[in-house]
Amino acid sequence: MLDTLIEVLLSYLIPILELMGIFVVTWSTFSAFWVYLKVGVFHRSVNKNFKVDLANGLATSLEFKMAAEILKTVIVREQSELVVLGAVIVLRALLSFLIHFELRSEEKAHPASTAGTQDRR
């Protein structure tokens, strides 16, 4: 009975977490693109670094997606599913690490333009 309850709850929770990740990627991408247009096309000075904002959004969305993948491990029935799921988790963790690495290097390269983004953490 508890197994059934957990499966039902996770069948709703996992897609919600994945949708949250998709929403964060979409929002941060459009937001960064808007800042890029302001700077590149309209030649307005903006005190935000859109690369850092985009990297933050991508890292946050990967956290939501990894949370969904971790919850999927609860309902895995076969070892082959677990291997695939483990590979997906490792790849997403690697992507998250690379994004954080690029974010840190961008902050070191342009500390004045990323000062506003450090307050949010």
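Note that the structure is a prediction, hence the values are computed from the model and not measured.

Thresholds, definitions, all that
- Residues numbered from 1 in each chain as written.
- Predicted model: local features only at pLDDT ≥ 70, side-chain atom pairs only at ≥ 80, totals over all residues.
- Heavy atoms only, no water.
- Helix = DSSP H or I, 4+ residues; strand = E, 2+ residues; numbered from the N terminus.
- Buried < 20%, exposed > 50% of the residue type's maximum accessible area, 1.4 Å probe, protein only.
- Lys, Arg positive; Asp, Glu negative; His and termini not counted.
- Salt bridge = Lys/Arg side-chain N within 4 Å of Asp/Glu carboxyl O.
- Contact = heavy atoms within 4.5 Å.
- Phe/Tyr/Trp six-rings, centres within 6.5 Å; stacked < 30°, edge-to-face > 60°.
- Core = buried A, V, L, I, M, F, W, Y, C linked by side-chain atoms within 4.5 Å.
- Axes fitted to C-alpha atoms, helices over the stretch in contact; angles between N-to-C directions.
- Parallel < 35°, antiparallel > 145°, perpendicular 65-115°, else oblique.
- Left-handed = near helix turned anticlockwise from the far one by under 90°.
- Nonpolar A, V, L, I, M, F, W, Y, C, P; charged D, E, K, R; others polar.

## With respect to the side chain of Lys65
- Counting through the fold element by element, Lys65 comes out in helix α2 (residues 50-72).
- For the buried Lys65, no salt bridge exists, and the shortest N-O distance to an oppositely charged side chain is 4.7 Å, to Glu18.
- Not counting residues within four places of it along the chain, the set of residues in contact with Lys65 comprises Glu18, Gly21, Ile22 and Arg92.

## Considerations on the pattern of salt bridges
- Scanning all chains against the criterion turns up four salt bridges.
- When the shortest N-O distance is used, the salt bridge between Lys72 and Glu69 registers 3.5 Å. Of the two residues, Lys72 and Glu69 both sit in helix α2, three residues apart, roughly one turn of that helix.
- Linking Glu69 and Arg92 is a salt bridge whose minimum nitrogen-to-oxygen distance equals 3.1 Å. Of this pair, Glu69 sits in helix α2 while Arg92 sits in helix α3 (residues 79-109), and the two are 23 residues apart along the sequence. With respect to burial, Glu69 and Arg92 carry one shared label: buried.
- Within the structure, one salt-bridge network assembled from shared partners comprises Glu18, Glu69, Lys72 and Arg92.

## Points about the packing of aromatic side chains
- A complete count under the given rule lists three aromatic pairs for this structure.
- By the ring-pair criterion, three or more aromatic residues cluster together here, those being Phe33, Tyr36 and Phe50.

## Some words on the nonpolar core
- Formed by Val52, Ala55, Ala59, Leu62, Ile99 and Leu103, the largest nonpolar core amounts to six residues.
- Mapped by element, the contributors of at least two residues to this core are α2 and α3.
- If one sorts the elements of this core by residue count, α2 sits on top with four residues.

## Comments concerning the packing of α2 against α3
- Viewed as axis vectors pointing N to C, α2 and α3 meet at an angle of 160°, and their least axial separation amounts to 9 Å. Classified by the angle their axes make, α2 and α3 are roughly antiparallel. Where α2 crosses over α3, the two elements pack in a sense that is left-handed.
- When grouped by side-chain class, the residues that make up the contact of α2 with α3 number 14 nonpolar, three polar and eight charged.

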